[in-house]
Amino acid sequence: MAVPVAFFALFFAYPVTAIVGRGLKAEGAWQFGRIGEVLSRPDILDVLWFTTWQALASTALTLLIALPGAYVFARFDFPGKQVLRAVVTVPFVLPTVVVGTAFLALLGRGGLLDELWGVRLDTTVWAILLAHVFFNYAVVVRTVGGLWSQLDPRQEEVARVLGAGRFAAFRRVTLPALAPAVAAAALMVFLFTFTSFGVVQILGGPAYSTLEVEIYRQTAQLLDLPTAAVLTLVQFAAVGGILAVHAATVRRRERALKLVDPAQTSRRPRGAGQWALLGGVLLIALLLILLPLGVLVERSLDGAGGYGFGYYEALQSVGAGGSSTFLVPPLEAVGNSLRYALVATLIALVIGGLAAAALTRRAGRLVRGFDALLMLPLGVSAVTVGFGFLITLDKPPLDLRTSWILVPLAQALVGVPFVVRTMLPVLRAVDDRLREAAAVLGASPLRAWREVDLPLVRRAVLVAAGFAFAVSLGEFGATVFIARPDNPTLPVAVARLLGRSGELNYGQAMALSTILMLVCAVSLLLLERIRTDRSGEF
């Protein structure tokens, strides 16, 4: 536990505490009265209200649209099912900047709807809600569908034989069994939308602001650290409560249910109603997931002189078309992002692997507190972490403000929880007697881990590495502060291009977003090939 604790203390707790302290301290004394002052401001209350209600609306809309898809993937067997499962999961690993850009190409000025019917939805709440559904559709399909596929359908059939109608049998038998999974999925969707940044910043315009966006505005644009510090504490408290409820829901699901092999519950659709349901889910996947991504690719190829690779070619030069957005060719952001993500993945694997190994010991309250520590980066504004890096890691012996390693360190903070959650169940499943036998035969603890644990968890390590790589590749909130102008990452480069007017900048943003989307999609497809859990769980 020592190395992960030291890593989180130095690169998470220290920067966050420093930035909050600067905001709430004056003349060496804490000014807690500022909390009440900030939270009583009408503009801040509007931000809190919008953050909450849009997260609730996004969660409800996602459940409404995705639950039929969860049923289809759980109960139906049809050609192309595995490919479609991978396709609907692509949005979840896409950076929020790419999601925002894709919907901007579909709903924004000059987008597909604007060209066909003269309708624009950017700078409206509907664009934000639809993008959130797009992003979180797979969360519900995977979480609820994974459990649904393991519920014994004979229980509902018995209820039907005893006289219950189809809806009554579902409501009284299946729904109570699914309730913990639905609640867990809803809490995860709420968490992701409550802390939304890139989607709201790109699609919402100045009229809409979540807590994360407001923290960025107060920190980077207004330099109002007291307000940013209060909002950080509010977001941390809210997300901490969400994670606590989520953890309790997961524990309840693990204790309460008896599951069967998913292969026993899946069959081909029967009757017109089931075929219609399958067709409806496929249509939703086409319109909600494939259409925005397809429009993104189309806009990246649609230049002033017709379709071609003009925007991609422009990425190779500095100041193309009179633009001074970058000090280096924008295409260099591809190489930068890949290098940063690889280093961040290595760091996340080392820290997350050690943490997962420590958590397998089940050492009581200390280990449970350590487990909670690993989840903290999900509950604190990434903007706060990024700005905290700048103001704390600027003195010897850790003067890293001008070092390239700063970006991978920030990305690794987000990747570690994914590594832990992927490796921990597999490590806990390893029989302790195997380790004991290796020790009896003279193996040191390190050799026993190398010879016993590592071969058994190798595939889990590969899956964890894939998730960490995809998450690191798309990290934006912290990176936007610490990425140097001569070494931008892909998400930062896309945001800079979208922030400038001009057709060339817009086209280059679409081209870079397409490249980032393809890299993330390839990572996901590799995950699908090597993942160890075939039950459909996230």
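The preceding data block contains the structure.
The text that follows walks through the structure, step by step, so that each part is easy to find.

To continue, consider empty space enclosed by the protein. Evaluated as defined, the whole model comprises 5 cavities of 30 Å³ or more. There is about 70 Å³ of room inside the largest cavity. Lining the largest cavity are R75, L151, D152, P153, Q155, E156, V173, T174 and A177. Within the residue set of the lining of the largest cavity, elements represented by two or more residues are α8 (154-161) and α9 (166-194). Counting residues per element, the lining of the largest cavity draws most heavily on α9, which supplies 3 residues. Partitioned by chemical class, the residues of the lining of the largest cavity number 4 nonpolar, 2 polar and 3 charged.

Once that is clear, we can look at the environment of T143. Here T143 lies in helix α7 (residues 125-148). As a C-alpha pair, T143 and A183 span 40 residues in sequence and 10.0 Å in three-dimensional space.

Here we take up the packing of α7 against helix α13 (residues 271-301). Contact geometry for α7 and α13: axes closest at 11 Å, N-to-C directions at 110°. Judged on the interaxial angle alone, α13 and α7 are roughly perpendicular. Only V281, I284, L288, I289, P292 and L293 of α13 make contact with α7, whose side of the interface consists of L130, V133, F134 and Y137. Counted by class, the contact of α7 with α13 contains 10 nonpolar, no polar and no charged residues.

The next point concerns the pattern of salt bridges. Under the criterion given, the structure shown has 6 salt bridges. Notably, a salt bridge pairs D43 with R41, separated by 3.0 Å at the nearest N-O pair. For D43, a relative accessible area of 33% gives the class partly exposed. Notably, a salt bridge pairs E298 with R299, separated by 2.2 Å at the nearest N-O pair. Judged by its relative accessible area of 7%, R299 falls in the buried class. Ionic contacts of the salt-bridge type, sharing partners, join the residues E115, E298 and R299 into one network.

Here the focus is the side chain of Q54. By secondary structure assignment, the location of Q54 is in helix α3 (residues 42-75). When near neighbours in sequence (up to four residues on either side) are disregarded, Q54 contacts I128, L129, H132, T193, F194 and T210.

With that out of the way, let us pick up the packing of aromatic side chains. Evaluated as defined, the whole model comprises 16 aromatic pairs. Consider the rings of F7 and F11, whose centres lie 5.3 Å apart with planes at 55°: the pair is tilted. With F7 and F11 both in helix α1 (residues 2-24) and 4 residues apart, this pair spans about one turn of that helix. Across this residue pair, the class does not change: F7 and F11 are buried. Between Y216 and F481 the ring centres are 5.7 Å apart and the planes differ by 70°, which places this aromatic pair in the edge-to-face class.

This part takes up the nonpolar core. Counting residues in hydrophobic clusters, the biggest one holds 154 residues, and the most contacted among them are F7, L94, L203, L374 and F389. Element by element, the count of residues in this core is highest for α7, at 16 residues. Sequence-distant contacts of L374, that is, excluding residues within four places in its chain, are made with F8, A355, L359, V416, P417 and V420. One finds V430, A438, A448 and V452 within the second-largest nonpolar core, a separate group that totals 5 residues.

Taken together, the side chains of L283, L286, L287, L290 and L291 define a hydrophobic patch exposed on the protein surface, amounting to about 420 Å² of accessible area. Examined against the element boundaries, L283 turns out to sit in helix α13.

Criteria and thresholds
- Residues numbered from 1 in each chain as written.
- Predicted model: local features only at pLDDT ≥ 70, side-chain atom pairs only at ≥ 80, totals over all residues.
- Heavy atoms only, no water.
- 1 Å grid on protein atoms, 1.4 Å probe; cavity = no way out; pocket = protein on both sides within 12 Å on 5 of 7 lines; lining within 4 Å.
- Points joined across faces, edges and corners; volume = space filled by probe spheres on them.
- Helix = DSSP H or I, 4+ residues; strand = E, 2+ residues; numbered from the N terminus.
- Nonpolar A, V, L, I, M, F, W, Y, C, P; charged D, E, K, R; others polar.
- Axes fitted to C-alpha atoms, helices over the stretch in contact; angles between N-to-C directions.
- Parallel < 35°, antiparallel > 145°, perpendicular 65-115°, else oblique.
- Contact = heavy atoms within 4.5 Å.
- Salt bridge = Lys/Arg side-chain N within 4 Å of Asp/Glu carboxyl O.
- Buried < 20%, exposed > 50% of the residue type's maximum accessible area, 1.4 Å probe, protein only.
- Phe/Tyr/Trp six-rings, centres within 6.5 Å; stacked < 30°, edge-to-face > 60°.
- Core = buried A, V, L, I, M, F, W, Y, C linked by side-chain atoms within 4.5 Å.
- Patch = residues over 30% accessible without salt bridge, like charges linked within 9 Å, V, L, I, M, F, W, Y side chains within 5 Å.
- Areas by Shrake-Rupley, 256 points an atom, 1.4 Å probe, with all protein chains shown as cover.

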